[in-house]
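Residue strings, one per chain:
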Amino acid sequence: AQSVTQLDSHVSVSEGTPVLLRCNYSSSYSPSLFWYVQHPNKGLQLLLKYTSAATLVKGINGFEAEFKKSETSFHLTKPSAHMSDAAEYFCVVSDLRGYQKVTFGTGTKLQVIP
Amino acid sequence: DVKVTQSSRYLVKRTGEKVFLECVQDMDHENMFWYRQDPGLGLRLIYFSYDVKMKEKGDIPEGYSVSREKKERFSLILESASTNQTSMYLCASSSRQGKNSGTGELFFGEGSRLTVL
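Below, the structure is looked at part by part. (Residues numbered from 1 in each chain as written. Chains lettered and ligands numbered in written order. Predicted model: local features only at pLDDT ≥ 70, side-chain atom pairs only at ≥ 80, totals over all residues. Heavy atoms only, no water.)

## Looking at the overall build of chain A
For step 1, the next point in the chain: Looking only at helices and strands, chain A features zero helices and twelve strands.
For step 2, the next point in the chain: Along chain A, helices and strands appear, N-terminal first, in the series β-β-β-β-β-β-β-β-β-β-β-β.
For step 3, the next point in the chain: Here the C-alpha atoms of chain A give a radius of gyration of 14 Å, agreeing with the 13 Å that 2.2 N^0.38 yields for 114 residues.
For step 4, the next point in the chain: Once the C-alpha set of chain A is aligned to its principal axes, its extents read approximately 45 × 30 × 20 Å.
For step 5, the next point in the chain: Put simply, chain A has 114 residues, and 46% of those count as buried. (Helix = DSSP H or I, 4+ residues; strand = E, 2+ residues; numbered from the N terminus. Rg over C-alpha atoms; globule rule 2.2 N^0.38 Å. Buried < 20%, exposed > 50% of the residue type's maximum accessible area, 1.4 Å probe, protein only.)

## Side note on the overall build of chain B
For step 1, the next point in the chain: Scanning chain B from terminus to terminus reveals zero helices and eleven strands.
For step 2, the next point in the chain: The helix and strand sequence of chain B, counted from the amino end, reads β-β-β-β-β-β-β-β-β-β-β.
For step 3, the next point in the chain: Taking the principal axes of its C-alpha atoms as reference, chain B extends roughly 45 × 30 × 25 Å.
For step 4, the next point in the chain: Out of the 117 residues belonging to chain B, those deemed buried represent 51%.
For step 5, the next point in the chain: Intrachain contacts of chain B at a sequence separation of at least 6 include 57% that bridge at least 24 residues.
For step 6, the next point in the chain: Summed over all atoms, the accessible surface of chain B reaches about 5,700 Å², with 49% contributed by carbon and sulfur.
For step 7, the next point in the chain: Within chain B, one finds 17 positive and 16 negative side-chain charges whose respective centroids are separated by 4 Å. (Contact = heavy atoms within 4.5 Å. Areas by Shrake-Rupley, 256 points an atom, 1.4 Å probe, with all protein chains shown as cover. Lys, Arg positive; Asp, Glu negative; His and termini not counted. Charge placed at Lys NZ, Arg CZ, Asp CG, Glu CD.)

## Quick notes on the state of the cysteines
For step 1, the next point in the chain: Across all of its chains, the model carries two disulfides over all chains by this definition.
For step 2, the next point in the chain: Note that A:C23 is cross-linked by a disulfide to A:C91, the S-S spacing being 2.0 Å. Looking along the S-S bond of the A:C23-A:C91 disulfide, the torsion reads about -65°, which is the left-handed sense. Of the two residues, A:C23 sits in strand 4 (residues 23–27) while A:C91 sits in strand 10 (residues 87–95), which places them 68 residues apart along the sequence.
For step 3, the next point in the chain: Using a relative accessible area of 0% as the deciding quantity, one classes A:C23 as buried.
For step 4, the next point in the chain: Classification of A:C91 as buried rests on a relative accessible area of 0%.
For step 5, the next point in the chain: Paired through a disulfide, B:C23 and B:C91 show a sulfur-sulfur distance of 1.9 Å. (Disulfide = S-S within 2.5 Å.)

## Quick word on the pairing of strand 9 (residues 87–94) of chain B
Residue and element names in this part refer to chain B.
For step 1, the next point in the chain: Burial analysis of strand 9 places eight of its eight residues in the buried class, the great majority of the element.
For step 2, the next point in the chain: Here strand 9 shows no split at all, with S87, Y89, C91 and S93 on one side and M88, L90, A92 and S94 on the other all buried.
For step 3, the next point in the chain: Note: strand 9 against strand 11 (residues 112–116), three bridges, orientation antiparallel. Looking at strand 11, one finds that M88 is bridged to R113.
For step 4, the next point in the chain: Note that strand 9 and strand 10 (residues 107–108) share two bridges and pair antiparallel. Looking at strand 10, one finds that S93 is bridged to F107. (Pairing = 2+ DSSP bridges.)

## Details of the sheet that holds strand 3 (residues 19–25) of chain B
All names here are of chain B.
For step 1, the next point in the chain: With antiparallel pairing, four strands are arranged side by side in an open sheet as 1-3-8-7. Here the strands that pair on one side only, and so sit at the sheet edges, are strand 1 (4–6) and strand 7 (65–70). Strand-to-strand, the axes of this sheet are offset by a mean angle of 20°, without reference to chain direction.
For step 2, the next point in the chain: Across three bridges, strand 1 lies against strand 3 in antiparallel orientation. By the bridge assignment for strand 3, V4 is matched with Q25. (Axes fitted to C-alpha atoms, helices over the stretch in contact; angles between N-to-C directions.)

## Concerning unusual backbone geometry
Peptide bonds are mostly trans, and most non-glycine residues show a negative phi.
For step 1, the next point in the chain: Its identity is not glycine, yet A:T72 carries a phi of approximately 45°, on the positive side.
For step 2, the next point in the chain: Of note, A:T72 is situated in the loop between strand 8 (64–68) and strand 9 (73–78).
For step 3, the next point in the chain: At B:D28, a position not held by glycine, the phi torsion is positive, near 60°.
For step 4, the next point in the chain: With respect to the element layout, B:D28 can be found in the loop between strand 3 and strand 4 (31–38).
For step 5, the next point in the chain: Residue classification places B:D28 among the partly exposed residues on the basis of a relative accessible area of 46%.

Structure, rendered in structure tokens:
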């Protein structure tokens, strides 16, 4: 069984300050982990992915995430928020064994204050 | 540029109507998925397909059916629409693990927002 918990449903930051979106996962296997972003009325776009290579993963638009197996965490960070980062972010765990099983977190809405 | 295309961005239907949501991908992916997205609930899997004519129930299949007659096309069918099926529907596809270095990344369409009156 696998699950994903996004610890904050809403996060608000000021423009130019750091962003931290938290994600914890549970999996009985070594999963692949992803962060997706969704802007209003749009589909989901991949930000970054962890697939058992380097534990610090860099993505698009200055985002990065660190896989910490001991903490079962995959938190998303960005050093300096931009207004265009305002969106909803989803943490995803994927078990690629057999037929792909994908589990989404419930999402974190990021608000960026000017 | 890789693409997943959902035929309708916005639909308004009446209770009891039959609704078809179409999804086409141009990446030769084996796996295709239908999700519904509701505020506070994230994305919930309705059905997925790992090959032509194959389908598997997801977490919330009740009230839905699917069709995959061709590899590139995956259709979601609401046999008799109800108001509680008002939602955003997202289609996604992915490559099978091991093929073309498939990593499980999902490629999403823009979504179809369905309102059932």
